Each structure stands twice: as structure tokens, then as C-alpha cells.
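Spelled out from the first residue to the last, the chains are:
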Amino acid sequence: MNLIKKFVILIVFLFTSQLASAKTNALVDVEWLNNNLDDVFVLDIRNKIDGGSYEIFKEDHIPNSVHSDYLTAGWRKNVNGVIGQFPGIKSLDQLISSIGIKNTDHVIVVYGGVNSTDFGSAARIYWTFKTIGHENVSILNGGFKEWKKAGYQTVSGENQITPSSFKSKLNKKYFASFSEVKKAEKERNGLCLIDARPAAFFAGEKKKPEARTAGRIKNAVNLEQQKITSDNGKIKSKSEIKKMFTALQIDEYKGYISYCNTGHWAATVWFALSEQAEIPNVKLYDGGMVGWTVNPKNEVVSG
């Protein structure tokens, strides 16, 4: 093999190695997306939470984007009587393939850009992709509203879809099981429970109708999801989130489990801690208080 050939092979090897090890940013801004529209899959998840729908999408959306309603398309399902749960790999493979996402795609999740609960839609779908082994996913910070505000092009029309054959591989790194929550409740394994709900839910003054009992899981601390984003639905900075985390005085724990009622608000807190602040060993328990209280023997505290 001559010297030039060896040199070319070395350059190709170094380049592909860099691509393989490159970390996808959890957040992208509208300028970045505008410059990379041809290289990504834009997933528009606007839904009832932000006043969106497929009809709204057809009127106005980011070029080349595909709509899949967060609330109705099947991203969350009723599992064993508990609403809003992780649907499982088989269902998700069918859903993701039906909208044309391939395993090689860099998926950009676009939410409405209205408030913290709206951001939770994007965070939950982001977490879902991570949990099924698709690391190449990002959220458009500020969502569709930020895109419009920046004055970038929008188009109208129906979904343009070429179905794919997406294959998942479950990654339990981000998924907290019921047994892990039980251990954390008893403080036996160094895991800290973080309740993402507003303070009134944490104290037991309010509850989701589907939850059997008001209150929280024993030994949980409260980090309210609505404090994670600004009023415009953009997530706060890494330093701001780290300050909130530090204020909880829980740094001595080995890991953290975020929960809420059904894993929606909890996804915002999970994303903020795990992806934005880059705190290690953060998981999401999607069962939340609805799943926890199915069994009346599971302890619930309030006050």
C-alpha cells in the first residue's frame, strides 16, 4: 500500500471516529435549525396543551417538518389502568416508522413554545427517544413560537411522509422502575426522589383525579417544573438549573428519580437536570402518583 493510500485511510478513519463520538446537543436554537434544515428530521408535536393540532400544523409549520400529536398519536398510553405511560418498544417502533423517522436521523422535537407544561411535551418525547436507544435527538428551544418570532420561513400543507423501518433498543439508563422507586422511598440505595409537581400537589392540597390519594412519595423533595422554564417556554440556563438543584441540598445522593402524576411534568425536571445541567444518574419514573397510588399499600405522605 503506497503512502498516499495510507494517508487517505487515516483521514477517513479519524473523521468517522469523530462523527461516532460526537455528542448531539440536547437543545438547538432556531438559527442552528435554519442552517441545518436539510440534514435533520423536524418532528412537530404541537397539541391541545399549546393550542395546536394537525389542522393548525397544516396552516403553518417549519419547512420539511412532520406532525405527530403528542397527546393523541400514541407517544404515551394507558398501561394496566395507568394513563400516560411508556407504550413499549413494539408500539413505538410502529409509530415512529409510520411518520418516517429512520434510525440514522437527527430528530429535532418542536413544541408550541407557550409555557412549561408545553415544554414538557418535548421533554417527554426526547426522553422516549433516549429510552429506546435513539441518542441523536434534540429539542428546539422556544419551539415553533420562537421560530416564528425570528422571522424564518414557514409553509402550509399536509404531512409529507415516506414510512421507514425504525428499530428500537431499550436503554434503561433513563427509565426508573417501580422497584427503584420503592428502594428510594426507603432510602436504601442512595437514590433521591424529586417530585416535579407544583407545591400544592406535593403538599397534598391538590391531586390529579386519576390518583387514588393526594400527597407525595415518602422522602421526596420538591422541584416545581414550572420554575424550570421562562414564561415563553424556553428552558433556563445550565447555571440557573444548577442553582435550583444546589438549593435542594441533595448532592450527596448517588442518583435521582424525577416523578409527577404520569411522567409529563417530571420529564421537564428530568431533562433540566440530566441534559441541561448534566447531572449524572437522573432517571424518570413515568408511573408517578397515579401509578404509585394504584396499590393502597404504597405509602403516601402530605403536609
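Note that the structure is a prediction, hence the values are computed from the model and not measured.

Engineer: Break down the pairing of strand E5 (residues 82–85) for me, citing the residues and quoting the values.
Structural biologist: Sheet topology places strand E4 (residues 77–79) next to E5; two bridges connect them, and they run antiparallel. Counted as the bridge partner of Lys 77 is Gln 85 from E5. Where E4 hands over to E5, the hairpin turn is made up of two residues, of which Asn 80 adopts a positive phi near 50°.

Engineer: A description of the sheet that holds strand E11 (residues 255–259) should follow, citing residues and the corresponding values.
Structural biologist: Across the sheet, which stays open at both edges, the four strands sit in the order E10-E8-E11-E12 with parallel pairing between neighbours. Bordering the open sheet on either side are strand E10 (221–222) and strand E12 (282–284), each of which pairs with just one other strand. Pairing of strand E8 (residues 191–195) with E10, which is carried by two bridges, proceeds in the parallel orientation. By the bridge assignment for E10, Asp 195 is matched with Asn 222.

Engineer: Account for the sheet that holds strand E6 (residues 107–110), with residues named and values stated.
Structural biologist: Taking strand neighbours across the sheet as the criterion, the five strands line up as E1-E7-E6-E2-E3 in an open arrangement whose pairing is parallel. Both outer strands of the open sheet, strand E1 (27–28) and strand E3 (66–67), are each paired with one neighbouring strand and no more. When strand E2 (residues 41–44) meets E3, the two strands line up parallel, connected through two bridges. From the neighbouring strand, Asp 44 faces E3, where its bridge partner is His 67. Contacts from helix H5 (residues 116–131) reach E2, E6 and strand E7 (137–140), with the element oriented near 175° to E7.

The rules behind these values
- Residue numbers restart at each chain and count upward from 1, following the sequence in its written direction.
- Totals for whole chains, interfaces and linings use every residue, but because this is a predicted model, local features are given only for residues with pLDDT of at least 70 and side-chain atom pairs only at 80 or more, for both listing and counting.
- As a convention, hydrogens and water are excluded, and side-chain values are obtained from all of the structure's heavy atoms.
- A pair of strands is treated as paired once DSSP finds two or more bridges between them.
- Labels follow the DSSP assignment, with helices taken as runs of H or I lasting at least four residues and strands as runs of E lasting at least two, numbered in each case from the N terminus.
- Two residues qualify as a contact provided that any one of their heavy atoms is within 4.5 Å of a heavy atom in the partner residue.
- Angles shown run from 0 to 180 degrees and are taken between the N-to-C directions of axes, each axis being a line fitted to C-alpha atoms and, for helices, limited to the stretch in contact.

Any functional reading would require information that these geometric values do not contain.
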